[in-house]
Amino acid sequence: MGHRIITRVMRYLNLKETWVILFILGFIMLNFPFIHVFSTPGRIFGIPALFLYLFLGWMISICIIYLFVKAIDHVDKDKGEQS
Amino acid sequence: MLSIELVTGISLLYIALLFLVAYYADKKKEQGHSIISNPHIYSLSIAVYATSWTFFGSVGRAATTGPDFLLIYLGPSLTAVSWWFLLRKIVRISKENNITSIADFISSRYGKSQWLGAIITVIAILGIMPYIALQLKVVSTTFAMITGNRGIHLLFHEGVSLASPHPGLFAALSLAIFSIVFGARRLVSSERHEGLVAAIAVESIVKLIAFLIVGVFVTYYLFDGFADIFSRLAAKDPTLYLHLTTLGGPGKVSYMSWFNIFFMSVGAIMLLPRQFHIMVIENSNEEHIKAAMWWFPAYMFLINLFVLPIALGGVLLSGSSSDADYFVLTLPLSSGHHWLALLAFLGGFSAAAGMVIVESLAISTMFLNHLVMPVIVKLKPREWFPILLINLKRFGIFLVIFLGYLYFRIVGETYMLMNMGLISFAAAAQFGPALLGGLYWHRGNKAGAITGLILGFLIWFYTLLLPSFIKSGWWQTGLLESGPFGIDFLKPTELFGLTGFDIWSNSIFWSMFFNIGAYLACSIILSQSDPEKEQVRKFVDIFETEREEVPWETKRLSKPVTIMQFVNLMEKFIGAAQAHIAIAEYLGEREIDEKGGVSEFELPQLKRFTEKTLAGSLGAAASGAIVESFLSDLGSKMEPVFDIFSTVRAELSESREALSVRFRASILMNRTIDLSIIMKELLDLLRNEFKFDLAIIRLKQNNGLLITESYSGTEIPAILEREILPDINSFIGDAYLSNKPRFINDTRHITKPESKDLMEREGIRSFAHIPITREGESPLGILSVFSRSIIGLFTPPLIDLLSSLSGQLAQAVRIDTEMVEKERERQQKEQALLENTRVAREMEIARQIQHSLLPAAPPELPWVKFAARCVSATQVGGDYFDFFRRGDDLVDIIIADVSGHSVGAALIMVEARSFLRAKVHSTGSAGKMLATLNELLYEDLTRAELFISMFYVKYNAERRLLTYANAGHNRPFLYRHRDGFCMELDAEGLILGVKREVTFEEKSIQLQRGDLLLLYTDGITEARNASGDFFGTDRLCALIGEVYNEQPEQVVETILGEVTAFTSSQIAEDDISMVVMKVL
């Protein structure tokens, strides 16, 4: 069951469209008005909200790219097994 | 402060270490073990993106403007998302085309335009100037800071007074030498520099570790963690805190500017010449891109983690943001941690050196290939060219660095680090439209790319570079304040009245607007040239064309060039050794003909290979021009093959025209079976469709000659009337004997003198001979086509098509031959049948005549009754019986059988009958009668090799006396009514025709009332049944015993019926005749 969900997610991640959407999403989230929301003097855990947002988002995006890369390998492997 | 000697010594040691790494990597590569060919080294080498701008400038920006320093790294991290598609495509294209730089890449895409390459190179050289200056500024400033000296002259022996050079000069010189040693030892630019990449990777590690250590030191040693720094600044200077941590609003980073810097950064990671070089040219495996996609953002993340703490910490400690660019160095220095400061210096030096080396290498390659080569290619190639070229490349490195130095001298002190870097980013952004459009848009063309680039560059120059000079006091400030000639509208920093933008946003907006606008407009309005179209396929469809490449050439060389000529050309530019390695690699997988050449269709490929090999050193545009001029020196050039199939498309294995010709040919071949019509119509079709001047079909005759059977087009007797005995010395004979198409695309280059003369005389430019043959069979003839106007007419698809049509024609010829054969056979049969019928009719007549010669009815005599019957097996036979009545009571009865059933037998029988009729009244006894007959017929019988058996009976009805003689005939049966048994009548006598004089015994027997005599021929007793048994005398005898009481006529019927029943379906083999006589 779990394996099937993973395979499915991997397949979505391997679509070119998903990559384009991610790129566009990243572009939007890093610009006005998204960052305007976080452009406040307040601090979370002692760190300015804007920086926390940018760094956390950065970290998450790196993880997502990592998953994407795994998805490419995964599907490549699937294809290899099928053929 | 540290002593100059120490800092210089440590720096030299560090450089020595890098050389060692590079040397090791190069050595390893020579042994075949690449240490850099792995995803981690690749990712680290991409981190050459982080220069001293990152190392020092980010902190400066963070301390003065705020969060927008992060955008320089967030942008590339986002771009990395697209790498699997975008970067991989660029890498694939570059590998396939031996691309050497971004200028080469873009100019190749747009038809290998030399102009485009030159424009990009100029933009790159000027655009990157501030960036190089930035590095030089950092190195010289930090060196001065760490040693506490502002001048470099102290390096030299004390007391010797030398003019103090600018501090940047030393940095520029050392970096230039460094770059040359690493990057320009050899010429081949598309080859990877393993040593260089290894050194860059080490530098990336050093600068990251150095920065992290300084960051941890500031955050956790000087302060109490992140939160501590932020809260202390917020408490000490809330306005500054707000200024540095939020966006929008007066005095802060505007959203427009934020977007603009982000936009430039997204592009810069791909478009900066050194990034393109390290990511594309130095890439050893596409798979490495996958790892780099998250390794590189992670690296960027780490190196930025401590920027803000250092910046704010610096502000807190020093009390102001001035000189914030060097906090990374000054914080450890001022807190007395000199070794840490030295580490920071090395980190910054690493970052700067890595950038300068790769950037100057990338740009000098462009400089050589796109600015110098266009001049060089005009010259005649010489032996010393390789040396000249490599030195020109070294000069290019110097040039790039010293232009940077010059800029540093002029502008250096005016701008902060990041601001200088952004000028370069804006320049690199100009490449974006042409590059992206070139990758994904088929229509994008050279005119658009050139116009867009020039417009973008001019605006960039006017709005960014020029103001930077003006601000540094190098030129009059009036231009900046009130616009040229006082025209406010054209003020560089507020172009076209656009106010409220920062200078970069202003510049980027207008330059991109005109760049993209011109690119799109020109691409849509103007069309692409042929060389451009060819390149578009190679670029945009790189992943598609892998599978569906056009299977044949669309170009040919007008005059054949040998392999050696190509090798000689390559030697002049890349040296003999490399040229030989390259050609060996190329030829390894190909067939070479007996003369050491390659086939005509292979030549364009060889030409392209030469171009590609040269492109690896000289760039595509220059190598294209070199090969072109080389060919024209030889009197050869690439020309399109005559495009018979105007709608050839890569995705169709066969064009519509070819299919249509095939279709029409098959229609006309099926419409009729008349070969001459088929041939004529096929030739007409071919001639009309392919513009041949003459098309001929020759078929092989029984005498082995190939003779014209049909032709279409201009009558050329010298060709048409040739009767060719196939031999290997003529093209047509060669085609016939080898059973392969032979064609000549340009008759001027024929080697067979006889053909050459003929073709010259008749003005034929190209021709082809196609064997008319079915798969696996020997040819039936030759299809020849000639053109007087078109050179290079015969392409693989056309030859294929002609061959296939010839195959169909062979089928038609074969069918025709078979039909002729069949027709002849049929006629023969008909003739024979006719003959048979005629003979049969004659024979029928003969039979009728023969039958009419037999007595129509037996004679009527008192006290005796006759019945007789003759059933012939064939039309005419040799059986004969007769009655001769002599007076009231006497009758002669004869039965005879001529051997055989031929007409001859019938004639003899007739002859015998005539003799009998003549002699029967004059001659006396039965024996005498036979003897006379024998004597008369002997000659004729001997000559005809025939015999007659005959039984002669004389019967006196009144006395019931039977006298008989036998000439070898079957002995007749006599059934004695009184005794109730069957006896055979016999008498001595030889068969007629054996001896001339024979005496026949004559016997007599007294018959009684009720006796039955049966005279018969052997057709009865020798009748056979299915199992091969004879009817036999016993069976006949028994039969007579049963029926003797019946009337003679009835007896005849019964015997016949029995014999027929006995033989059942068997056809009577012999004539059956019998005469029955019953005594009353």
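Before any of the text, the structure's been laid out above.
Structural notes, computed from the coordinates. None of these values were measured; they are calculated from a predicted model.

## Description of the overall build of chain A
Piece 1. The helix and strand inventory of chain A stands at four helices and two strands.
Piece 2. Along chain A, helices (α) and strands (β) appear in the sequence α-α-α-β-β-α when read from the amino end.
Piece 3. Scored against the burial criterion, the 83 residues of chain A give a buried share of 18%.

## Topic: the overall build of chain B
Piece 1. Looking only at helices and strands, one finds 40 helices and 17 strands in chain B.
Piece 2. Looking at chain B as a whole, 49% of its 1080 residues qualify as buried.
Piece 3. Summarising the internal contacts of chain B: among those between residues at least 6 apart in sequence, 76% fall at separations of at least 24.

## Notes on the interface of chain A and chain B
Piece 1. Of the residues lining the interface, 30 residues belong to chain A; the matching set on chain B comes to 30 residues.
Piece 2. Mapped onto the side of chain A that touches chain B, the elements with two or more residues apiece are helix 2 (16–29), helix 3 (34–38), strand 2 (47–48) and helix 4 (49–82) of chain A.
Piece 3. No other element matches helix 4 of chain A, which puts eleven residues into the side of chain A that touches chain B.
Piece 4. When grouped by side-chain class, the residues that make up the side of chain A that touches chain B number 21 nonpolar, seven polar and two charged.

## Structural notes on the nonpolar core
Residue and element names in this part refer to chain B.
Piece 1. In terms of nonpolar packing, the biggest core is built from 230 residues, with I106, A311, V328 and A426 touching the most fellow members.
Piece 2. By residue number, the principal contributor to this core is helix 17 (residues 338–376), which donates 24 residues.
Piece 3. Leaving out residues up to four positions away in the same chain, A311 has contacts with V59, A62, A63, A324 and F327.
Piece 4. Listed in part, the 70 residues of the second largest apolar core include V876, I894, L933 and L941.

## A short note on the pairing of strand 17 (residues 1072–1079) of chain B
Residue and element names in this part refer to chain B.
Piece 1. Within strand 17, seven of the eight residues are buried, leaving the element largely enclosed by the surrounding structure.
Piece 2. By the bridge criterion, eight bridges tie strand 8 (residues 864–871) to strand 17 in an arrangement that is antiparallel. Looking at strand 17, one finds that V864 is bridged to V1079.
Piece 3. In this structure, strand 16 (residues 1012–1016) lies alongside strand 17, joined through five bridges in antiparallel fashion. Of the residues in strand 17, the one forming a bridge with L1012 is K1078.

## Re the environment of B:D104
Residue and element names in this part refer to chain B.
Piece 1. Structurally, the position occupied by D104 is in helix 6 (residues 102–109).
Piece 2. Expressed as a C-alpha distance, the spacing of D104 and I120, which sit 16 residues apart in the sequence, is 8.9 Å.
Piece 3. Discounting chain neighbours no more than four positions away, the residues touching D104 are I99, G117, N369, G619 and A620.

## Brief notes about the pairing of strand 6 (residues 766–772) of chain B
Residue and element names in this part refer to chain B.
Piece 1. The buried fraction of strand 6 is high, at seven of seven residues.
Piece 2. Along strand 6, one buried face is formed by S766, A768, I770 and I772 and the opposite face, lined by F767, H769 and P771, is buried too.
Piece 3. Relative to strand 6, strand 5 (residues 742–744) runs antiparallel, the two sharing three bridges. Bridge pairing links F743 to A768 in strand 6.
Piece 4. Where strand 6 meets strand 7 (residues 781–787), seven bridges bridge the pair, whose relative direction is antiparallel. Bridge pairing in strand 7 links A768 to V785.

## Remarks on the environment of A:H74
Piece 1. With respect to the element layout, A:H74 can be found in helix 4.
Piece 2. Along the primary structure A:H74 and A:T7 are separated by 67 residues, whereas in three dimensions their C-alpha atoms are 8.1 Å apart.

## Focus: the sheet that holds strand 12 (residues 961–967) of chain B
All names here are of chain B.
Piece 1. Taking strand neighbours across the sheet as the criterion, the five strands line up as 9-10-11-12-15 in an open arrangement whose pairing is antiparallel. Each edge of the open sheet is held by one strand with a lone partner, namely strand 9 (879–886) and strand 15 (1003–1006). Averaged over neighbouring strand pairs, the angle between their axes works out to 15° when direction is ignored.
Piece 2. Pairing of strand 9 with strand 10 (residues 890–898), which is carried by eight bridges, proceeds in the antiparallel orientation. By the bridge assignment for strand 10, Y880 is matched with A896.
Piece 3. This element, helix 37 (residues 926–944), spans strand 11 (948–956) and strand 12 of the sheet and lies at about 155° to strand 11.

About the thresholds
- Residues numbered from 1 in each chain as written.
- Chains lettered and ligands numbered in written order.
- Predicted model: local features only at pLDDT ≥ 70, side-chain atom pairs only at ≥ 80, totals over all residues.
- Helix = DSSP H or I, 4+ residues; strand = E, 2+ residues; numbered from the N terminus.
- Buried ≥ 20, exposed ≤ 12 C-beta atoms within 10 Å, placed from the backbone.
- Contact = placed C-beta atoms within 7 Å.
- Nonpolar A, V, L, I, M, F, W, Y, C, P; charged D, E, K, R; others polar.
- Core = buried A, V, L, I, M, F, W, Y, C linked by C-beta atoms within 7 Å.
- Pairing = 2+ DSSP bridges.
- Axes fitted to C-alpha atoms, helices over the stretch in contact; angles between N-to-C directions.

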